[in-house]
Amino acid sequence: MQPEAGPFSDGVPTPTIGERVVVAMSGGVDSCAAALMLHEAGYSVIGVSMQVWDYRQHGGSESRATCCAPADFDDAREIAERSDFPYFVFDFEESFRASVIDPFVDSYLRGLTPNPCLDCNRKVKFRELRRRAAGLEARWVATGHYAQVRPVSAPDGSTVLGLFTAVDDRKDQSYFLYAMTQHDLQTTLFPVGGMTKPEVRQYLAERGFKVAHKGESQDICFVSSSVGEFVRRRAGHRAEAHGRGKIVSREGVELGHHEGIYQYTVGQRRGLGVSSSHPLYVLQIDPEENTVTVGSKEELQRASFMVDDVNWIAGIAPQAPLEVVAKLRYRHAGVRCRVVPITAKLVRVEFLDEWSAVSPGQAAVFYASSQDTDATVQVLGGGIITRDRHE
Amino acid sequence: MIYLDANATSRLRPEAVKALSAALADGAFANPSSVHRLGRSARALLREARREVLALLGSTQGEAELVFTSGGTEACNLMLLGFLGGAKAIAQGGHIVTSAIEHPAVLEPLAELERQGWEVSYVLPASDGRVAAAAIAEACRKDTVLVVLMAANNETGAVQPVAEAARLIAAQGMAPIFVSDATQAVGKTHLDVRELFDAGVLAIAFSGHKLGAPAGIGALVYSTKADRCYSLAPIIRGGPQEQRLRGGTENVVGALAFGAVASAVRQDLDADLARRRKLRDALWLLMQERIPDAVRLGPAPEAEAVSESGATEASVSNTLLVRFPGCRGDDLVAALDLNGVAASTGSACSSGRQDVSPSVRALGLQGQAAREVIRFSLDWHTSSTEVEAAGAIIARTVGQLRSAGAQELTDAA
């Protein structure tokens, strides 16, 4: 029998009808729809839920809507059972702890503001998903991320696969996917990337799945109270070294006390507990001195910043400065910047319009400065914003 | 699909199907408590089922009594909480001895007692999965009220020295209530309830569905010596059914299937035990040949060889717990499912997540090794053809997972 081309083609490699696709199912609306769409399209879907953090074991509340708690899997299971495709729950707690929770806590103790969803997507979700898929003799994986894959011309003129923002720009999750490689894109499907959220809900509702009406999951799924409280509890005695300390001005004048550097984020204005005639912002967090430096908005704004551990999705790093739109956190509107290559993995990013504040530890994701015909934008790559070193 | 997950549940035996069809088609719809002829007829059928299940244990009414329950879990709850004599006695507190590898049907009621102020000692097994009788006896104190030890472990298949422990405790001049969860031993060992009761065990609990009856029926069997010494109290209160120990209209249909299955299991027991042992060992040989670094866990096969008399069986007839280094158990269960073999990592919670259980931890496996364990449990219908096919599929699937793991390492490097 001749292999048929799948319905998700458009010049992008697709599995043949009947081929195995392992779908990561968090139990949320998007991944449930993704699995069901692939199943209906004729692929041999294998649903996989990743148990990463069990609130019952970590003293948190069970009632919160999170992305990967056992109760959330009921909807994934229902889709699989009603559609009669295999479905498995795998325990990823060890990997999640080592790759997400521990680095998250360490980063806060080092005065950074990490985004754990980045590590989770890169080091847990995709890596573990691919490993499990290989074990199940499946080449393809799929997730419910709002993002798209399309062929593009690489800087060297060759045709490669490009990652693009989703059709629904309010749901776009391409920010979390900047670390994907050509190898990843060649065998990954994002079935809901071409749909809007209301369309996805309607798709499930039409088929009578109650998950259609499920709420949105939280950004940081494992923190049930405040981040500061979570870090203090997880870090134990290590948090004490970074506990109560001084809040100082850039000139070193003591202005007050903080209750642990891990409670603060660069750019933060509220809750500093320091009175001043003009608004004060966190400028810098110094883990060695255990100090939080504050200053005016003007002092916070920077002309440029460094980004390390950079990935270029096309697999080719630019040799010359490149104009991009950079998003400096998830849901950031993006600002025009020039990316100046320093080494293969390190770049300097210069603001082209207004200067701005940046939070070391967050990802800076670089988007093409021009939109595609359908208003979607190509994701070029990204990396992690490093701590200020030039001051 | 080759079914090698009998310790989770058995396929319905034809005897159960026949009994269920007959019962559903006519006779047994009436309430056994009703005065009329149909009620009497239902009660007679229930009595017959009770007799058959007791006979499977080598016992008869008079020396033992049987309470039908909704299953093994309810029977364990009744056995533990019922023997403590109701709320007043439970409120007094005391000390309990058990093993660390009991089923949740035992561990969870004990955990609830702990919350109410009871003290529980959990005795660890040796690295072959067997708890030493002497360790149970040593853990007993003057204030020990209850001892509970499973007859066989659901994951390792290790038979536990229940009678021996009871005798040692009696020899120490102690008389705690001694009960046993026999769910995994009935039909898979020569369980002799008379020997247990003579040794001082007061009750055993088990279920029908592990034998080929439908789920929804189980039994508590207690020594009639017990109700002279202790007040066994119901935990489900209602009508006076089941010797006033379990309120609620009886599940006659379930009991009839249980009785029919018990009769079939009893008549075939010696042959079935020998047959499943042989198939289990054949499966292990196939694995050893094709996967030389596979590790068999649980009681040593040598311990089996010297136990042909049946009285000192080291493990149940059907269970093979194996570790394939470098191959995660949950991965293997999933891949085998797709390749046509139903197996289990040993304990799956209702969410489908597969944890490392205390029984596997107790075997001395640390970290990743504890996650590389998979359980194959042969059912009453498992054939030699299936075992041969399963051996080949398992070897191929382990190879498939290992090469995927090796690929992952290459990619990461």
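Residues numbered from 1 in each chain as written. Chains lettered and ligands numbered in written order. Predicted model: local features only at pLDDT ≥ 70, side-chain atom pairs only at ≥ 80, totals over all residues. Heavy atoms only, no water.

A word on the overall build of chain A. Scanning chain A for helices and strands turns up nine helices and 17 strands. In terms of overall dimensions, chain A is globule-like: its C-alpha atoms have a radius of gyration of 22 Å, near the 21 Å expected for 391 residues. Its C-alpha atoms give chain A principal-axis dimensions of roughly 75 × 50 × 35 Å. Buried residues in chain A amount to 55% of all 391 residues. If you take every contact in chain A between residues at least 6 apart in sequence, the share linking residues at least 24 apart comes to 66%. Accessible area for chain A stands at about 17200 Å²; split by element, carbon and sulfur atoms hold 48% of it. In chain A, the 43 positive side-chain charges and the 50 negative ones have mean positions that sit 2 Å from each other. (Helix = DSSP H or I, 4+ residues; strand = E, 2+ residues; numbered from the N terminus. Rg over C-alpha atoms; globule rule 2.2 N^0.38 Å. Buried < 20%, exposed > 50% of the residue type's maximum accessible area, 1.4 Å probe, protein only. Contact = heavy atoms within 4.5 Å. Areas by Shrake-Rupley, 256 points an atom, 1.4 Å probe, with all protein chains shown as cover. Lys, Arg positive; Asp, Glu negative; His and termini not counted. Charge placed at Lys NZ, Arg CZ, Asp CG, Glu CD.)

Another aspect to go through is the packing of helix α3 (residues 93-109) of chain A against helix α7 (residues 227-235) of chain A. Residue and element names in this part refer to chain A. α7 packs onto α3 with a crossing angle of 105° between their chain directions and a minimal axis gap of 10 Å. It follows that α3 is roughly perpendicular to α7 by the angle criterion. Note on element contacts: α7 touches α3 through Val 227, Phe 230, Val 231, Arg 234 and Ala 235, opposite Arg 97, Ile 101, Asp 102, Phe 104, Val 105, Tyr 108 and Leu 109. Classifying every residue of the contact of α3 with α7 gives nine nonpolar, no polar and three charged. (Axes fitted to C-alpha atoms, helices over the stretch in contact; angles between N-to-C directions. Parallel < 35°, antiparallel > 145°, perpendicular 65-115°, else oblique. Nonpolar A, V, L, I, M, F, W, Y, C, P; charged D, E, K, R; others polar.)

To continue, consider a positive patch on the surface. Residues and elements named next belong to chain B. Residues Arg 37, Arg 40, Arg 43 and Arg 47 make up a contiguous surface patch of positive charge. Along the polypeptide, Arg 40 turns up in helix α2 (residues 37-56). On the basis of relative accessibility, which here comes to 46%, the residue Arg 40 falls in the partly exposed class. (Patch = residues over 30% accessible without salt bridge, like charges linked within 9 Å, V, L, I, M, F, W, Y side chains within 5 Å. Salt bridge = Lys/Arg side-chain N within 4 Å of Asp/Glu carboxyl O.)

Our next topic: the side chain of Lys197(A). Residue and element names in this part refer to chain A. By secondary structure assignment, the location of Lys 197 is in helix α6 (residues 197-206). For Lys 197, a relative accessible area of 8% puts it in the buried group. When near neighbours in sequence (up to four residues on either side) are disregarded, Lys 197 contacts Val 29, Asp 30, Tyr 146, Asp 168, Lys 171 and Glu 216.

Mapped onto the elements, Gln400(B) comes out in helix α16 (residues 384-412). Looking at Gln400(B), the relative accessible area reads 8%, which means it is buried. For the pair Gln400(B) and Ser315(B), spaced 85 residues apart in sequence, the C-alpha to C-alpha distance is 31 Å. Polar side-chain contacts of Gln400(B) include one of 2.6 Å to the backbone oxygen of Gly135(A). (Polar contact = N/O pair within 3.5 Å; in protein donor to acceptor, adjacent residues only side chain to side chain.)

Turning next to the domain arrangement of chain B. All names here are of chain B. Parsing chain B into structural domains produces domain 1 (2-6 + 269-412) and domain 2 (14-260). Taking the mean C-alpha position of each, domain 1 and domain 2 sit 28 Å from one another. Opposite the 27 residues of domain 1 that make contact, domain 2 presents 24 residues. Carbon and sulfur atoms supply 56% of the area buried between domain 1 and domain 2, which totals about 2100 Å² over both sides. The three residues of domain 1 that bury the most area against domain 2 are Glu 313, Val 316 and Ser 359, which together make up 23% of that side's buried surface. In this structure, the connection of domain 1 to domain 2 is made through zero salt bridges. Across the contact surface, domain 1 and domain 2 share eight residue pairs in polar contact (both at pLDDT 80 or more). Elements represented by at least two residues in the side of domain 1 that touches domain 2 include exactly α11 (252-290), β10 (319-323) and α14 (358-361). (Domains from an automatic or database assignment. Buried area = accessible area lost by both parts, 1.4 Å probe.)

Residues and elements named next belong to chain A. Taken as a whole, chain A is organised into domain 1 (20-144 + 191-213), domain 2 (243-299) and domain 3 (301-385). If you average the C-alpha positions of domain 2 and of domain 3, the two centres end up 27 Å apart. In this assembly, domain 2 packs against domain 3 so that about 360 Å² is buried in total across both faces, 46% of it on carbon and sulfur atoms. Sorting the residues of domain 2 by area buried against domain 3 places Val 266, Lys 297 and Glu 298 first, and these three jointly supply 73% of that buried surface. Between the two partners, domain 2 and domain 3, sit zero salt bridges. The interface formed by domain 2 and domain 3 includes three residue pairs in polar contact (both at pLDDT 80 or more). For the side of domain 2 that touches domain 3, a count of residues per class yields one nonpolar, one polar and three charged.

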